[in-house]
Amino acid sequence: RKGTAVITGASSGLGLATAKALAETGKWHVIMACRDFLKASRAATAAGMDKGSYTIVHLDLASLDSVRQFVKNVRQLEMPIDVVVCNAAVYQPTAKEPSYTADGFEMSVGVNHLGHFLLARELLSDLQSSDYPSKRLIIVGSITGNTNTLAGNVPPKANLGDLRGLAGGLNGVGSSVMIDGGEFDGAKAYKDSKVCNMLTMQEFHRRYHEETGVTFASLYPGCIATTGLFREHIPLFRLLFPPFQKYITKGYVSEEEAGKRLAQVVSDPSLTKSGVYWSWNKNSASFENQLSEEASDADKAKKLWEISEKLVGLA
Ligand code: NDP
């Protein structure tokens, strides 16, 4: 039978390119988990995806109610769930003031981490009950949260500190909107959320890999400088960032190439190892990459897991 993969944020950029790459193999049905149904539908059509190769299901990660409703809706499709890809993200580098999810969390961490945390926890039992030979839960990471890299050292650097802001609810009411308890900084909030993504993947691996057989993985797909992720950046940055990445850092990858990479992590029979953060070298060969000290800190991962559980109502 075909595999079924849920991909969040499949209406643009990396998520759409991955959905297309998987659908084109004829071996995958993609559940496009998107907040804007019409946008997703138009994007799938424009990408030339075969109508029978995908199903769009509404998901707004900025609302825990929407996440729970999505889980119900997806179960009603009565399709097995073989792979889940937590890909959607918001990046607000120029925001002067924080914005908030429906549950009152700072938006970047609320969407990128907490929404996905609840989704992944809920869908784990579905993955477990699938009879697909290689079941996978993938959380897209990034180089920018890794302070052991050049890109990760561009200020403001990611830093979760002792997680006091997160423990306080990340709501600006009696607690900071930043995980480490500091002043709001949209670019840092994004990087922090990516560290959360990578820590969460590893904590899933430690807690559930043996018991469930599910492969947990993260990846850095390369710098896809043309996606909508940079839509809120200043115009000059948007003009110069793609050529800078293409010709100076040479870290640039096209959306199509990045989509193929993520599709590999979804389906390649040789990428079944769990707990890995995948990256690609200049010849587009995958390798197991090292995470920064903070992004591989097991104590922090455990603490993040326990606080996140409380915030999303699982504990
Ligand atoms: P895009 O902005 O193109 O795509 C982000 C997707 O997330 C969109 O489909 C967007 O939906 C969706 N999304 C945003 N907010 C929500 C929400 N509240 N609920 C549901 N979906 C939401 O960015 P990319 O494709 O570049 O990013 C995809 C992933 O790749 C992210 O995890 C990012 O961190 C990661 N990444 C990107 C890199 C890059 O260079 N671009 C580098 C490293 C990692 P909508 O279409 O409705 O806006």
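Residues numbered from 1 in each chain as written. Predicted model: local features only at pLDDT ≥ 70, side-chain atom pairs only at ≥ 80, totals over all residues. Heavy atoms only, no water.

J.: Would you take a moment to explain the overall build of the protein chain for this structure?
T.: When you go through the protein chain residue by residue, the secondary structure sums to 9 helices and 8 strands. Judged by the C-alpha coordinates and their principal axes, the protein chain covers about 50 × 50 × 35 Å. Classification of the 315 residues of the protein chain by burial places 56% in the buried group. Considering only contacts within the protein chain whose residues lie at least 6 apart along the sequence, 73% involve residues at least 24 apart. Put simply, the protein chain shows about 13,500 Å² of open surface, and 52% of that area lies on carbon and sulfur atoms. Here the protein chain carries 34 positive and 33 negative side-chain charges, and the mean point of each set is 5 Å from the other. (Helix = DSSP H or I, 4+ residues; strand = E, 2+ residues; numbered from the N terminus. Buried < 20%, exposed > 50% of the residue type's maximum accessible area, 1.4 Å probe, protein only. Contact = heavy atoms within 4.5 Å. Areas by Shrake-Rupley, 256 points an atom, 1.4 Å probe, with all protein chains shown as cover. Lys, Arg positive; Asp, Glu negative; His and termini not counted. Charge placed at Lys NZ, Arg CZ, Asp CG, Glu CD.)

J.: Mind showing me how you'd approach the sheet that holds strand β3 (residues 54-58) here?
T.: Hydrogen bonding along the main chain pairs the strands of a sheet, whether they run parallel or antiparallel. An order of β3-β2-β1-β4-β5-β6-β7-β8 is seen for the 8 strands of this open sheet, with the pairing classed as mixed. Because the sheet does not close on itself, it has two edges, and the strands there are β3 and β8 (286-288). Across the sheet, the axes of successive neighbouring strands diverge by a mean angle of 25 degrees, strand direction being ignored. Summarising the sheet, strand β7 (residues 276-280) and β8 pair through 3 bridges and their orientation is antiparallel. Counted as the bridge partner of W280 is S286 from β8. Sitting on the sheet, helix α4 (residues 107-129) is in contact with β1 (3-8), β4 (83-86), β5 (136-140) and β6 (215-219), with an inclination near 175 degrees to β4. (Pairing = 2+ DSSP bridges. Axes fitted to C-alpha atoms, helices over the stretch in contact; angles between N-to-C directions.)

J.: Can you walk me through the confidence of the model for the protein chain in this structure?
T.: Low-pLDDT portions of the prediction should not be read for the details of their coordinates. Scored by pLDDT, the protein chain comes out at a mean of 95, with 100% of its residues at no less than 70. Per the prediction output, this complex has pTM 0.97; the corresponding ipTM is 0.99. (pLDDT = per-residue confidence, 0-100.)

J.: Help me understand the pairing of strand β2 (residues 28-34), please; the structure alone is not making it clear to me.
T.: Walk down a regular strand and you will see the side chains alternate between the two sheet faces. The buried fraction of β2 is high, at 7 of 7 residues. Going residue by residue along β2, you find W28, V30, M32 and C34 tucked away on one face and H29, I31 and A33 tucked away on the opposite face as well. When β1 meets β2, the two strands line up parallel, connected through 6 bridges. Looking at the pairing, A5 lines up with V30 of β2. Handedness of the β1-helix α1 (residues 13-24)-β2 crossover: right-handed. (Right-handed = clockwise from strand over helix to strand, strands pointing away.)

J.: Can you help me understand the site of the ligand in this one?
T.: The local shell around the ligand holds 32 residues, among which S11, K39, N87, Y190 and T227 are the closest. Starting from 900 Å² of accessible surface for the ligand in isolation, the protein chains cover 98%. Going through the elements one at a time, α1 and α6 (186-212) are the ones with two or more residues in the shell around the ligand. Taken together, the residues of the shell around the ligand sort by class into 16 nonpolar, 10 polar and 6 charged. (Near = heavy atom within 4 Å. Nonpolar A, V, L, I, M, F, W, Y, C, P; charged D, E, K, R; others polar.)

J.: Which parts of the structure should I look at to understand the side chain of N87?
T.: Mapping N87 onto the fold places it in the loop between β4 and α4. Contact partners of N87, with chain neighbours within four places excluded, come to I7, T8, G9, L14, G15, H116 and V140.

J.: Could you clarify how one ought to interpret the environment of V90 in this entry?
T.: Mapped onto the elements, V90 comes out in the loop between β4 and α4. A C-alpha to C-alpha distance of 28 Å links V90 and K273, two positions 183 residues apart in sequence. Those residues in contact with V90 that lie beyond four places of it in its chain are M107, S108, V111, N112 and Y190.

J.: Mind showing me how you'd approach the nonpolar core here?
T.: One recurring pattern in soluble globular proteins is that nonpolar side chains are buried together. In this structure, F70, L137, L166 and F204 are the most contacted members of the largest nonpolar core, which totals 62 residues. For this core, the elements supplying multiple residues, two or more each, are β2, α3 (64-76), β4, α4, β5, α6 and α9 (298-311). For this core, the leading source of residues is α4, giving 11 residues. Contacts of L137, omitting those with residues within four sequence positions, involve V84, C86, A120, L127, F204, V214, T215, F216 and A217. Listed in part, the 38 residues of the second largest apolar core include A21, A23, A47 and L262. (Core = buried A, V, L, I, M, F, W, Y, C linked by side-chain atoms within 4.5 Å.)

J.: Can you help me understand helix α8 (residues 255-267) in this one?
T.: Since the α-helix advances by 3.6 residues per turn, residues separated by three or four positions end up pointing in the same direction. Over its 13 residues, α8 runs 18 Å from end to end, which matches the ideal 18 Å to within 8%, given 1.5 Å per residue. Residues of α8 that are buried: A258, G259, R261, L262, A263, V265 and V266. (Expected span 1.5 Å × (residues − 1).)

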